[in-house]
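Report on the structure
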Amino acid sequence: MTDIVFTRRSGWIPTVIREDDELKLMLGAGADANHEPRTFTIPISEAHFAVIREDLARHLLLWSAVLPLCHAAGTRGQLDEDAAVALLDPILLAPPADVDALFRRTPWDRSRLVAHGATIRLLEHGQVCEAMRTATEAANEKRAQEHHADRRRTERGVVLGPLDAQILRYTGQYLHGATIPRRNPDAVDPALLPQVMQVIATAEQACAGMRIGLDPRRGHRATDKRDWKRMEATVDAAVRRAYPGLVDDAVRTVTFLMCSEAADRARSTPPEDDDSGASVTKAALTFTDDKGGEKKWLRDSPRSASAEFWEFVADRSAGDNEVFTIEDEDMGEGIQLQFYSDCIARITMLRQGEAGSDPEYRVEYSLVDGMSGYRHLVSLFVSGGCAALDQHSPWMSDAAEFERARRQRKAR
């Protein structure tokens, strides 16, 4: 038979129960292998119960000290009851100076005390009893999260200034640097909001006109890493030049905001037709990949050849499928895009096969500068065939010479 004898308004603070006529402190901490909350109990005396009931600060301090033992029990281990019981008298019944001394030599959960209003400065100086004079039953989890984030930054040697902190609040990255940044002006101290907006305006001006395109080599929603890095470097340089006092965390969150917004715009914008408006000379094209995929494009198609081809790539590209071809059978020419090696081959028929012999082709290779380079070359081919690719140089017909050039670029 279990009866609840005492509980506080906050449901997570340990409860006192009576079980089989014995007083126990019951608390939840951690989870089992099925992700269900684990519950632990510790036998206590009437004297302990009297302090728990009357002294919120001591109650919270005991909770903070017992939590590490609960976490050590893991998903299925037993609570070290002897160690837990050994904390009762020193925390609940000892003078404040002895409690402070205990907390200097035993593990304890700082976040619980911070969430319940402890004075952080006093906690950091080891004055836990004095720090708990400001304790409250209600928990402020955001306060604990921010304190934890500040401690992580301190461990990295980062000290935020007032403007740094407000910029991180504006982007929503004060607590977690991995959070996708958003614009949150309401989270900023109104007195510093104008300065924050000036920093954001500097970043916006720096990357005005820049874009981050999609990269169909990695699917329908992936963005071009080179475009991202180019915008990131541009914004970083501009913000550091205008505000040299900002810490790296603040500058990084602004560049992340600009780049993620540009990437979102790319994902929400219909794929561009790279050859839209151009005089397309091709009547029909065939797209193929290394896995037997094939797609036909005809001149009367509602979408341009480039748009259709890049959609084909986004649908089919994978780690083991990185070679795509566009072929014009009527003209006897085509291009092969080799994504794994950042290069392209153009193939031109020199002589058709006769009397059962194979046709003769000229194959030339060229290096490609990222996704934007591939888009440009595909557009040129669609608009003017292999001849239009002459402007892109150099083209090498010697495979060994090309391989040396490719290795040299990779080594740079």
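Residues numbered from 1 in each chain as written. Predicted model: local features only at pLDDT ≥ 70, side-chain atom pairs only at ≥ 80, totals over all residues. Heavy atoms only, no water.

1. Here's the deal with the pairing of strand β8 (residues 333-338)
Within β8, five of the six residues are buried, leaving the element largely enclosed by the surrounding structure. Alignment of strand β7 (residues 323-328) against β8, held across six bridges, turns out to be antiparallel. Paired with E327 across the two strands is G334, which belongs to β8. The antiparallel pairing of β7 with β8 creates a hairpin that spans four residues between the two strands, and G332 there sits at a positive phi of about 65 degrees. Across six bridges, β8 lies against strand β9 (residues 343-351) in antiparallel orientation. (Buried < 20%, exposed > 50% of the residue type's maximum accessible area, 1.4 Å probe, protein only. Helix = DSSP H or I, 4+ residues; strand = E, 2+ residues; numbered from the N terminus. Pairing = 2+ DSSP bridges.)

2. Here we look at the state of the cysteines
Tallied over the entire structure, the rule returns zero disulfides. Here C207 stays unpaired: no disulfide links it, and the sulfur of C259, its closest cysteine neighbor, is 7.5 Å away. For the unlinked cysteine C386, the closest cysteine sulfur is that of C343, found at 15 Å. (Disulfide = S-S within 2.5 Å.)

3. Brief notes about the sheet that holds β8
With antiparallel pairing, six strands are arranged side by side in an open sheet as β6-β5-β7-β8-β9-β10. Two strands lie at the open edges of the sheet, namely β6 (294-298) and β10 (360-367), each paired on one side alone. Along the sheet, successive strands turn relative to each other by an average axial angle of 20 degrees, direction set aside. With five bridges joining them, strand β5 (residues 284-289) and β6 adopt antiparallel strand pairing. Note on β6: the bridge partner recorded for T288 is E294. Its contacts with the sheet put helix α13 (residues 305-316) on β5, β6, β7 and β8, and the angle it makes with β5 is roughly 15 degrees. Sitting on the sheet, helix α15 (residues 399-411) touches β9 and β10, and the angle it makes with β10 is about 15 degrees. (Axes fitted to C-alpha atoms, helices over the stretch in contact; angles between N-to-C directions. Contact = heavy atoms within 4.5 Å.)

4. Focus: the sheet that holds strand β4 (residues 37-43)
Spatial ordering of the open sheet is given by β1-β2-β3-β4, a layout of four strands whose pairing is antiparallel. Each end of this open sheet is capped by a strand with a single partner; those strands are β1 (2-6) and β4. Recorded for the sheet is a direction-independent mean angle of 40 degrees between the axes of neighbouring strands. As judged from the four bridges shared by β1 and strand β2 (residues 15-19), these two strands associate in the antiparallel manner. Opposite F6, over in β2, you have V16 as the bridge partner. In the packing of helix α1 (residues 46-54) onto the sheet, the strands contacted are β1, β2 and β3 (22-31), and the crossing angle to β1 comes to about 55 degrees.

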